[in-house]
Amino acid sequence: MAQKDIRLHVPEPAARPGEHPDFSFLDVHAVDEARHPDIESRAYETYDLATSMIRVLDDDGTIDGQWDPGLSDTQKLRGLRHMITTRLLEEQFWLLQRQGKAAFAIRSLGEEAVAVAAAMAVDASSPGYGEGLDMHFPTYRQGGILVANGHSLFEMTCQVLSNSGDRLKGAQLPTLHSVKECGFFTVSGNLGTQMIQAVGWAMAGAIEEKRIVALAWTGEGATAENDFHSAMVFASVYQPSVIINVVNNQWAISSFQGIAGGMNAPFAQRGIGFGIATLRVDGNDFLAGYAATAWATERARAGHGPTLIEWVTYRAASHSSSDDPSKYRPADAAASWPLGDPIERLTRHLLTTGAADQADIDTLTEECRTVVNEAVDKAEKLGTINSGPKPSPAEMFKYVYAEMPPHLVEQRQDLGY
Amino acid sequence: MAQKDIRLHVPEPAARPGEHPDFSFLDVHAVDEARHPDIESRAYETYDLATSMIRVLDDDGTIDGQWDPGLSDTQKLRGLRHMITTRLLEEQFWLLQRQGKAAFAIRSLGEEAVAVAAAMAVDASSPGYGEGLDMHFPTYRQGGILVANGHSLFEMTCQVLSNSGDRLKGAQLPTLHSVKECGFFTVSGNLGTQMIQAVGWAMAGAIEEKRIVALAWTGEGATAENDFHSAMVFASVYQPSVIINVVNNQWAISSFQGIAGGMNAPFAQRGIGFGIATLRVDGNDFLAGYAATAWATERARAGHGPTLIEWVTYRAASHSSSDDPSKYRPADAAASWPLGDPIERLTRHLLTTGAADQADIDTLTEECRTVVNEAVDKAEKLGTINSGPKPSPAEMFKYVYAEMPPHLVEQRQDLGY
Amino acid sequence: MATMIEAIRDALAVMMARDDRVVSFGEDAGYFGGVFRCTEGLQQQFGMHRSFDTPISESGIVGAAVGMAAYGLRPVAEIQFADYMYPGYDQIVSEAARLRSRSAGEFTAPLVIRMPVGGGIRGGQTHSQSPEALFTHVAGLKTVIPSNPVDAKGLLIASIEDPDPVIFLEPKRLYNGPFDGHHDRPVRPWSRHPLGEVPEGYYSVPLGQATVTRRGEAVTVLAYGTLVHVAEEAAASSGIDAEIIDLRTLLPLDTATIVESVKRTGRCVVVHEATRTSGFGAELSAQVQERCFDHLEAPITRVTGFDTPYPVGLEWVYFPGPDRVVRAMKDILEY
Amino acid sequence: MATMIEAIRDALAVMMARDDRVVSFGEDAGYFGGVFRCTEGLQQQFGMHRSFDTPISESGIVGAAVGMAAYGLRPVAEIQFADYMYPGYDQIVSEAARLRSRSAGEFTAPLVIRMPVGGGIRGGQTHSQSPEALFTHVAGLKTVIPSNPVDAKGLLIASIEDPDPVIFLEPKRLYNGPFDGHHDRPVRPWSRHPLGEVPEGYYSVPLGQATVTRRGEAVTVLAYGTLVHVAEEAAASSGIDAEIIDLRTLLPLDTATIVESVKRTGRCVVVHEATRTSGFGAELSAQVQERCFDHLEAPITRVTGFDTPYPVGLEWVYFPGPDRVVRAMKDILEY
Ligand SMILES: Cc1ncc(C[n+]2csc(CCOP(=O)(O)OP(=O)(O)O)c2C)c(N)n1
Ligand SMILES: Cc1ncc(C[n+]2csc(CCOP(=O)(O)OP(=O)(O)O)c2C)c(N)n1
Ligand SMILES: [Mg+2]
Ligand SMILES: [Mg+2]
C-alpha cells in the first residue's frame, strides 16, 4: 500500500507573478470533435460533452464541426458589433471610475462572446414562445446581454454614474443593472443567490404551462456557493426550462479555478451527478457559444428540461476597479490564453470568409465608438456620483415596501423629507 | 422537433397506499459484478462503481465477488451481535416513547448493517493511526455506531429518557447522542450541517499531518441540503481524509428519494462531478458495507483523499415516533424490499457456512435481549422525562459558554438558582 | 369550529381557489400535507403543480419561491420548523427582502413563508425556536404571528394578498388548542374557545393592526403568539387588571394601539418566548420608552426565554409561564 | 504606528507564531492576503497549511471551521464582507453557537469569524451592512467590534484565545484611519491618532469590557466601531459634555460601565449604523431603561441607520453622521 504523506492539499495555479503563464492544463479540443446530440437526448447521452469542448471557429478563421449554428453574415456581424460595443462601453465605465465619477467598475474584457452569444441565441428562439417571460439572471459580468438585447447605452451609463438618470435611484453599485424589458433580472451583489431563482422562475413557467426559458449565470468561483447546489437539485427534480451557465474565466478575484474544485473535474461535469444535460463550450468562440445556447434553449422549449453549460474563457482584465491582478498571476497571462480573444476570432473568420474586409471592420468599430461615446457624454451631462443632482433622499424609503409603512414615513420625515 | 407538453414535473413513487409495492426501479446487481479497484486509483477510475452496486452476500447465504472482506467467523458474529443489539435496543426506546417515558423515538430498523459495518471497518483500521481522532459525524439513525464502538447501553437509555443520568443534561432530543470517546460527534437536529464539519475535522487532521479519518453521514433526503455541496466542494479541493456516507433508505419522512433527485442519477454519482472517488453499496449486506468502508478508510489513511459511499437500503419503520408511513406508502412495502433484511441475510450466511447453527443464533439473540433489557431497566430506575429527578435548571445555563457571562448569571439567579 | 391547523389550511384553500397564481410547497407539504397537516388535501384539490413536495433544502425552497414570485406567482412556502429556516435566511434577507428596493420596484417578491415557531411540544432545541427578531431587523420584510384560528386564517389571507414578502409564524403549541402555560393541566381544544369559530370563505385581517384581547387599566402587556394566552392566564389568576395587546403583526408594528394603552396604564410588560438579548422585546421596550417616556411609572419589564438553547429536558423551566408574567406585573405595580 | 489592517495582521501573526493550532483562511485570504490585506504575508510566513484560500462558500468556510475547532485547532475564518455571512449563518447559529451546550461541554467550537462591517466606502447595499444584532441574539456567541488599532489587536488576540466562538466585526471605514463622519474632509491616517500606536508582540484586551473614550457629565453616548469617532466629533463640534462609551464587546455586554455612567448623566443616546428596528440599539435602550429607570431625565434616544438598504448613491444620507448625533443629544438635553 503506497502511503502518501498526509498534508493539507491546497491547489496552486501553474504560474504566479514573475513566472511564465502556463495553460498546459487546458486541453484545447479540435473544432470538429464534439458530437451534436439530438435535443431530445436523455441527459446521460450528453455526458461525453462535459469533458469535451464544443468549438466551431478554428484559429485560422475557418469553421467546422457539427455545432456550426449556420448563422448568416448579417447575424455574425451583429454579434461582432455587440461584442465591440460591450468592450468599448465597459472601457468608458472604467475610465469614469478612474476619474472618480463612478463608485466602481467591472469589465467582461476577453469574455464578451459569452453574454452576447447567449443573449442572441435565446432571443432568436423567442418569438411566439417567450411571451415576455424569458429571463436572464446575470452576474455583473454579463452586461453584454443588455447590449445585445438593445438596452439604452445612455441608461446603462446613468446607472454606472449613480446620477439622477439612474433608474435604480442610487440603490445599486455600478453595473448591477435591472432591466426587465430586456429580460435582465436585477443583479444581486451576493454571489450565487440567483441560480435557484432562475430555477424558480422556470418552475413558475412550467406551472403556467408556458414555453419560456430562464438562464442562470454564475462565475466558476461562485459555483462553490451552496446556491449552486439548490439550483441543481431543484432543476434535477422538477426538470424546468432552465439553463445554468457557468462562466469559467479561470479566476475568482485572486483565486484560480482550482480553489473552486476545477482541477479535479471540469465544472460541466457537476451536471452529471444530477442527471442534467451538460455542455462544455469554448467561451471565446462566438459561434460555438451561440450553438450551445440554441441547443439548450430549443431543448428547454420543447419540454426536455434543464441544461448546464460551462463556458471556458479567460478574465483578461482585473477582477474590478478594486483589484490588481499582477499581485497573484503573471502580468501577461491573458495574451497567452490558448483560446484567444473572442472579438479577434470572429473578426478573423469574417475576413477569411470574405464577409467583411478590414475597412468594414474599422467602420463598424468606429460606429460603435461613436454610439458609445455619445451615450456616455449625454449621461455625464446629467451628473456623476460626485456632481450634479442626486436622487432625492426620499427615494431611499420609497421602494422598501409597496406601500410605505408608518415607521418608514416617520424616519423619512425625521430626515426632513 | 418533438414538443412535449410543458408541465411542472413532480416525481412520484411507484406505489402509494393501497397499491402493490413496486421496486422495479432498483437494479439489483449480481454479487460478483463490481470491480474492486486499487485504493490508490484515481477518482475517475471508480466511476463505474457509482452506478453499479457492491454486493458480497448472495440471497442464498453464499458469498462471492472481489469485495469479500475476508472476515473471520468471530468478526461476522460480532457484527451480527451489534446489529441485533441495535435493533432490540431501539425497539425498547420505541416502547418507552409509546409509554410516555421518552420525548421522542427513532429507529434504524432494516438498515442496521450500515452503521455497524462502517463502525467496525473504521475501528479495525484504526490502531496505530487514529490517535483517538477518528470521528463519525452521524445522524439520528446511526446509533449502531455507538453499539459497535462499545458505548454503554445504560447511558444511551438515560439520554433517551432525559433522566438525571443523561450526560447531555436534557439538552437534546432522544437519540441525538454525543459520545466523544466512541468517535461519535454530537448529533445536530439540523439536517446536513455536519457533513462539512466532518470535512473540516479531516482538514484539521491533514494540517496536523495525522492519519485520521472523519466520516460524514447523511440520509439521501438531506443530500438536498446545501451543506452537502460545501462538503463536496471542500473535500474536492483540499482532498482530506473524509468519507461521505449517503444512507439512501428510499424515504425522507413522507417523500421518496425522487424528491431528492434520486431518479435521475444515483446519489453516488454526485461524487463524479467533483472528482471524488465513489462507491455504491448494498446497504443491507453487512460484508459489502464493511468492505466498502475498509476500502475508503485505507485509501484515506494512505493519503489518497475522500470517498463518497452511497448505501442502498430501506427504512423499514416509520420515520420517527411522530410519523405514520401508511399515509404515504404501501403498508407492507418493507417486506418486498429486494435487498432483504440485513440481520436475516448475515444470519443465513452464518448458517449456510456452518459458522453457527440456529441454536447459536437463538442464544446470541437472547444474550443481546438480556443485556438490552438490563440496561433499560437500570436506566428507567433513574427516572424518565416524566418522573424522577430532573437535571437541575442550573444545567441549562452551564454549557452555553465556557465561563458563565454576567447576563446568564443574572438570569439563572432570577430563576432562583 | 376549527383548529388553527384547519384555519390555515382553509386560508390556503380559499386563496388557491380564488387565485391561480397561489401555489403551496415545502418539505412533506405536498402528497402528505405537511408534518402538522396544514396543507393536507391541497394537492388532491388543486393538483400536483399547485401543491407539491420539495427537496429538503430550505435555501432552495425560499430561493425558488423568490424566482416564482418575481415571475408573477404568489408562492406560499412552508419551512417545516422555524429552527430550520437558517439555510434559507440568505435568500430571505439578501433576496426576497431586497428585490424591490434594489430594482426600484421593477422586480418584487410577493411571497409568504410559513413556519411553526415556539416550544412546549417536547421538541428540544431544534423544534422550539422563535426567531422573529431575526426577521424584524430586516428592512423589506413583514412579520406576522397569529394567536388563534380566526386571526390565523384572516392574517394568512392578507399575507398572501400582500405585495411584499411576509414571514408568517405559526405558534405550534397553539395548533390544536389555546395554551395558557399550564402544561400539567388537560389540553383545551379550540372548539371550546370563541376564536375557534372561524368564518367560512374569504375574509382578511389586515396586517399592521394589533388587537386588545383584554381591556385593563393597571398595566399593559405586549404579547404575541402563544404568550397572549399565557398573559391572559396571568391576568386571570392574579386578578391584576392588565390590558393585553396581541400584536399580531410585529412589522409593521401597530404603535398607535401600544402607545395609547401604555400612556393610560403607565406600566408595561413585554413577553416573548424567544431568547432575551436582542429579542423583539428589546425593540418593543425601546419604542415604548421613546414614545411614552413621560407616562411611565415603572420600568418596562421583559419576560422572555433565557439566553440559552431550549432544552427538551427542562422545557418548562425555559418556557415563560404565567407565574413569571405575574411576578413581573407585580414587580412593576409595586414599583 | 499601525493601521487597523496592520494591527489585525499583527494579531494573527503573533498568535500563529505562539500557537500551532491557529490557522487563518477565507476567500482570497491565502496567497493574496485578503481583499483588505489583513492576512497578507501570513502564507509566506506560516505556510500553505496555516493560511490558505477557500472556495467562495461562506457556509463551507464556517462549517469547516466548526469541524476544525471541534477537532482542537483554533481557526480564524475571514468572511470577505459581513454582507456575505448569511450563507454561513446556519453554521454559526445552529452549530458553532450550540456545540458546547448540546453536548454538555463535550465538543466546543473555539473559533473566530472575522468580517468587515459598516459603510462609508461607496460599497452599496452589499458592502456596507452591520449585522451585529443578528449575532447578539444568538446564545453561545460572543460579539466583538474594535474602534481602533490598539483595541483591534488586543481584542483579536483575546478572541483567538477565547474558548467560545467569537464574531469579530471590523469596521472597514476605520481600516486606514479614524473617521468622524465628515466624508468631505481629508482622510486622517492612524499614524496621526494615539490609538494607532500599537504595542509590539503579545498583549490582549479582555472581552466584555467597555472603555470610556471621553468623560462627560451631560449625556452618555453608547457607541461602537466607526460611530465612536462620530460621537467624539459630535461632542467636540457641539461642545456638549458627553460621556462616550466605546462598548468594544457587544456580548457579553459591560453593563456595569454603562449603568454607572447613565446613572450619573441621567441621559443616554445610543448610536449605530445598522438598521434601526431590532438593531442592537434596541437592546441597549431596553437594558439602560431597565437598569437606570429612576435616573433617567429624558428618553433614551437612538441614532441609527434607517430601515432601508444602504444605497450607494445616497450613502451619506444613510450614514448616521455627527449632525444627527448632535441633534439627538440636544433634543434630550432640552427635554
Ligand atoms: C456571497 C458572496 N461572497 C463573496 C463575494 C465577493 N466576491 C465578489 S466577486 C467574487 C469572485 C467571483 O468569482 P467568479 O464567480 O469566478 O466570477 P468572476 O468574477 O470571475 O466573473 C467574490 C469572492 C460576494 N459578492 N458574494
Ligand atoms: C434543516 C432541517 N430541515 C428539516 C428537518 C426535518 N427533518 C427531520 S428528518 C427529515 C427527513 C430526513 O430524511 P433523510 O435525510 O433521507 O434521512 P432518514 O430520516 O431517511 O434517515 C426531515 C425533513 C431537519 N431536521 N433539519
Ligand atoms: Mg471567474
Ligand atoms: Mg432517507
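As a convention, each chain's residues are numbered from 1 in the sequence order in which they are written. Throughout, the order in which chains and ligands are written sets their labels, letters from A for the former and numbers from 1 for the latter. A pLDDT threshold of at least 70 governs which residues receive local features in this predicted model, and a stricter bar of 80 or more applies before side-chain atom pairs are shown or counted, although totals over entire chains, interfaces and linings include all residues. Water and hydrogen atoms play no part in the side-chain values, which are based on all heavy atoms of the structure.

(A) Structural detail: the overall build of chain C. The helix count covers DSSP runs of H or I at least four residues long, the strand count covers runs of E at least two residues long, and both are numbered beginning at the N terminus. Looking only at helices and strands, one finds 12 helices and 12 strands in chain C. Computed over C-alpha atoms, the radius of gyration of chain C comes to 19 Å, within 12% of the 20 Å expected from 2.2 N^0.38 for 335 residues, which places it in the range of a compact globule. Counting only C-alpha atoms and orienting by the principal axes, one finds that chain C spans roughly 60 × 45 × 35 Å. The buried share of chain C, taken over its 335 residues, is 76%. We call two residues in contact when some of their heavy atoms are within 4.5 Å. Pairs at least 24 apart in sequence give 79% of the contacts found in chain C among residues at least 6 apart. Surface accessibility in these figures is a Shrake-Rupley result with a 1.4 Å probe; residues are shielded only by whichever protein chains are displayed. Put simply, chain C shows about 8,300 Å² of open surface, and 47% of that area lies on carbon and sulfur atoms. The atom set for the radius of gyration is the C-alpha atoms, and the globule formula is 2.2 Å times the number of residues raised to the power 0.38. Relative accessibility under 20% of the residue-type maximum defines a buried residue, over 50% an exposed one, and the middle range a partly exposed one, all with a 1.4 Å probe and only protein chains included.

(B) Spatial organisation of the site of ligand 1. With respect to spatial proximity, 20 residues lie near ligand 1, and among them Tyr140, Arg141, Asn249 and Trp251 of chain A together with Glu58 of chain D are the closest. Here a residue is near a molecule or strand as soon as one of its heavy atoms is found within 4 Å of it. Surrounding ligand 1 are residues belonging to chains A and D, so the site spans chains. Side-chain atoms alone can form a polar contact between residues adjacent in sequence; in general such a contact is a pair of N or O atoms within 3.5 Å, and within protein one must be able to donate a hydrogen while the other accepts it. Measuring from a nitrogen atom of ligand 1, one finds a backbone N or O atom of Leu191 of chain A at 3.0 Å. Here an oxygen atom of ligand 1 and a side-chain polar atom of His319 of chain A are 3.4 Å apart. Here ligand 1, which alone exposes 590 Å², has 95% of that area covered by the protein. Grouping the constituent residues of the shell around ligand 1 by class yields 8 nonpolar, 7 polar and 5 charged. Note on residue classes: Ala, Val, Leu, Ile, Met, Phe, Trp, Tyr, Cys and Pro are nonpolar, Asp, Glu, Lys and Arg are charged, and everything else, Gly too, is polar.

(C) Highlighting the coordination of the magnesium ion (ligand 4). Residue and element names in this part refer to chain B. Surrounding the magnesium ion (ligand 4) are the protein donor atoms Glu220 (OE), Asn249 (OD1) and Trp251 (O), which sit 2.0 to 2.2 Å from the metal. Donor atoms: N, O and S within 2.8 Å of the metal, or within 3.2 Å for Na, K and Ca. Because water is excluded, sites can look incomplete. Mapping the donors of the magnesium ion (ligand 4) onto the primary sequence yields the spacing E-x28-N-x1-W. On the criterion of sequence distance, the pair formed by Glu220 in the loop between β2 (214-219) and α7 (226-238) and Trp251 in strand β4 (residues 251-252) is long-range, its members being 31 residues apart. Judged by relative accessible area, Trp251 falls into the buried class, the value being 8%.

(D) Molecular detail of the interface of chain A and chain B. In this complex, chain A contributes 55 residues to the contact, which on the side of chain B involves 55 residues. Note on terms: buried area is the combined drop in 1.4 Å-probe accessible area of two parts once they are placed together, counting the loss on both. The largest per-residue losses of area from chain A upon contact with chain B belong to Ile6, Leu8 and His229 of chain A, which jointly make up 16% of the total buried on that side. Basic side-chain nitrogens of Lys or Arg form a salt bridge, by our definition, when they fall within 4 Å of a carboxyl oxygen of Asp or Glu. On the surface where chain A and chain B come into contact, there are 2 salt bridges. Between Glu209 of chain B and Arg7 of chain A there is a salt bridge, with its nearest N and O atoms 3.0 Å apart. At the junction of chain A with chain B, the criterion picks out 21 residue pairs in polar contact (both at pLDDT 80 or more). When contributions to the side of chain A that touches chain B are tallied by element, the ones reaching two or more residues are α6 (193-207), α7 (226-238) and α8 (286-301) of chain A. The greatest single-element share of the side of chain A that touches chain B, amounting to 9 residues, is contributed by α7 of chain A. Its residues assigned to classes, the side of chain A that touches chain B comprises 25 nonpolar, 18 polar and 12 charged.

(E) Looking closely at the relation of the copies chain A and chain B. You can overlay chain A on chain B at an RMSD of 0.0 Å; the transform is a turn of 180° with a shift of 0.0 Å along its axis. Seen this way, the second copy is the image of the first under a two-fold rotation axis. Residue Asn226 of chain A, judged by its C-alpha, is the member of chain A lying nearest the rotation axis, at 2.5 Å. Both copies present the same face, since 100% of the interface residues in chain A are matched by interface residues at the equivalent positions in chain B. Copy-to-copy superposition: least squares on the C-alpha atoms, limited to residues that have pLDDT of at least 70 in both copies.

(F) Spatial organisation of the relation of the copies chain C and chain D. For the match of chain C to chain D, the screw axis carries a shift of 0.0 Å, the RMSD comes to 0.0 Å, and the turn is 180°. When you check the interface residues of chain C against chain D, 100% turn up at the interface there too, and the contact is symmetric in its surfaces.

(G) Spatial organisation of the coordination of the magnesium ion (ligand 3). All names here are of chain A. Note on the magnesium ion (ligand 3): its protein donors are Glu220 (OE), Asn249 (OD1) and Trp251 (O). The metal-donor distances range over 2.0 to 2.2 Å. Of note, the donors binding the magnesium ion (ligand 3) are all from one chain and are spaced E-x28-N-x1-W. For the residue pair Asn249 and Trp251, the accessibility class agrees, reading buried in each case.

(H) Representation of the sheet that holds strand β5 (residues 142-144) of chain C. Residues and elements named next belong to chain C. Pairing between strands is defined by DSSP: at least two bridges between the two strands are required. The strand order β2-β1-β3-β4-β6-β5-β10 describes an open sheet built from 7 strands, whose pairing is mixed. Here the strands that pair on one side only, and so sit at the sheet edges, are β2 (51-53) and β10 (249-251). Shown here is a sheet whose adjacent strand axes are inclined to one another by a mean of 20°, direction ignored. Of the strand pairs in this sheet, strand β3 (residues 74-78) and strand β4 (residues 112-117) are connected by 3 bridges, and their pairing is parallel. The partner of Val76 across the bridge, within β4, is Val112. Axes here mean lines fitted to C-alpha atoms, for a helix over just the part in contact, with angles spanning 0 to 180 degrees between N-to-C directions. Lying over the sheet, helix α1 (residues 4-18) contacts β1 (22-26), β2, β3, β4 and β6 (166-171), oriented at roughly 135° with respect to β1.

(I) View of the interface of chain C and chain D. Each partner contributes residues to the interface: chain C has 44 residues there, and chain D has 44 residues. Summed over both partners, the interface of chain C with chain D comes to about 3,700 Å²; 54% of that surface belongs to carbon and sulfur atoms. Joining chain C to chain D, the criterion identifies 6 salt bridges. Contributing elements (two or more residues each) for the side of chain C that touches chain D: α4 (89-96), α5 (99-102), α6 (132-136), β11 (268-275) and α10 (280-292) of chain C. The element contributing the most residues to the side of chain C that touches chain D is α10 of chain C, with 8 residues. Within the side of chain C that touches chain D, the residues separate by chemical class into 19 nonpolar, 15 polar and 10 charged.

(J) Up close: the pairing of strand β9 (residues 242-246) of chain C. All names here are of chain C. Counting buried positions over the 5 residues of β9 gives 5, a clear majority of the element. Taking every second residue as pointing to the same face, both faces of β9 are buried, with Ala242, Ile244 and Asp246 on one and Glu243 and Ile245 on the other. Judged from the 3 bridges that link them, strand β7 (residues 211-214) and β9 form a sheet pairing that is antiparallel. Paired with Val212 across the bridge in β9 is Ile245. Where strand β8 (residues 219-223) meets β9, 5 bridges bridge the pair, whose relative direction is parallel. Across the sheet, the residue bridging to Leu222 is Ile245, located in β9. By definition, the crossover connecting two strands over a helix is right-handed if that path, from the first strand to the second, turns clockwise as seen with the strands pointing away from the viewer. In this region the chain leaves β8, passes through helix α8 (residues 226-238) and returns to the parallel neighbour β9; the handedness of that crossover is right-handed.

(K) Quick look at the pairing of strand β12 (residues 301-305) of chain D. Residues and elements named next belong to chain D. When you tally the buried positions in β12, you get 4 out of 5 residues, the bulk of the element. In this sheet, β12 lies alongside strand β11 (residues 268-275) in parallel orientation, the contact comprising 4 bridges. Along β12, the bridge assignment pairs Val271 with Val303. This β-α-β element, β11 to helix α10 (residues 280-292) to β12, shows right-handed connectivity.

(L) Seen up close, the domain arrangement of chain C. Residues and elements named next belong to chain C. Residue ranges assigned to the domains are those given by an automatic or database domain assignment. The domain boundaries assigned to chain C delineate domain 1 (4-191) and domain 2 (211-333). The C-alpha centroid of domain 2 is placed 25 Å from the C-alpha centroid of domain 1. In this complex, domain 1 contributes 34 residues to the contact, which on the side of domain 2 involves 27 residues. Of the roughly 2,400 Å² buried at the junction of domain 1 and domain 2 (both faces included), carbon and sulfur atoms supply 61%.

(M) Focus on the packing of aromatic side chains. When the centres of two rings from Phe, Tyr and Trp lie within 6.5 Å, Trp using its six-membered ring, the rings pair. Their planes under 30 degrees apart give stacked, over 60 give edge-to-face, and anything left gives tilted. All chains considered together, the criterion is met by 61 aromatic pairs over all chains. With a centroid separation of 5.7 Å and 75° between ring planes, the pair formed by Phe137 of chain B and Trp201 of chain B is classed as edge-to-face. Of this pair, Phe137 of chain B sits in strand β1 (residues 135-137) while Trp201 of chain B sits in helix α6 (residues 193-207), and the two are 64 residues apart along the sequence. Comparing Phe137 of chain B with Trp201 of chain B shows no difference in burial state: the two are buried. Within the aromatic cluster, the residues linked to one another by ring pairs are Tyr86, Tyr89 and Phe135 of chain C together with Tyr86, Tyr89 and Phe135 of chain D. Definition used: whenever NZ (Lys) or CZ (Arg) falls within 6 Å of the ring centre and also within 35 degrees of the ring normal, the charge is taken to sit over that ring. One residue, Arg107 of chain A, lies across the ring of Trp94 of chain A, its end atom 3.9 Å from the ring centre. Between the NZ or CZ atom of Arg37 of chain C and the centre of the ring of Phe32 of chain C, over which it lies, the distance is 4.2 Å.

(N) Inspection of the nonpolar core at higher detail. By nonpolar core we mean a set of buried residues, namely Ala, Val, Leu, Ile, Met, Phe, Trp, Tyr and Cys, connected to one another through side-chain atoms within 4.5 Å. Core analysis: the biggest nonpolar cluster contains 285 residues, and Trp201 of chain A, Trp201 of chain B, Met68 and Tyr89 of chain C together with Met68 and Tyr89 of chain D have the highest contact counts within it. Every residue in contact with Met68 of chain D, bar those within four places of it in the chain, is listed here: Gly200, Trp201, Met203, Ala204 and Ile207 of chain B together with Val23, Phe25, Phe52, Leu73 and Pro75 of chain D.

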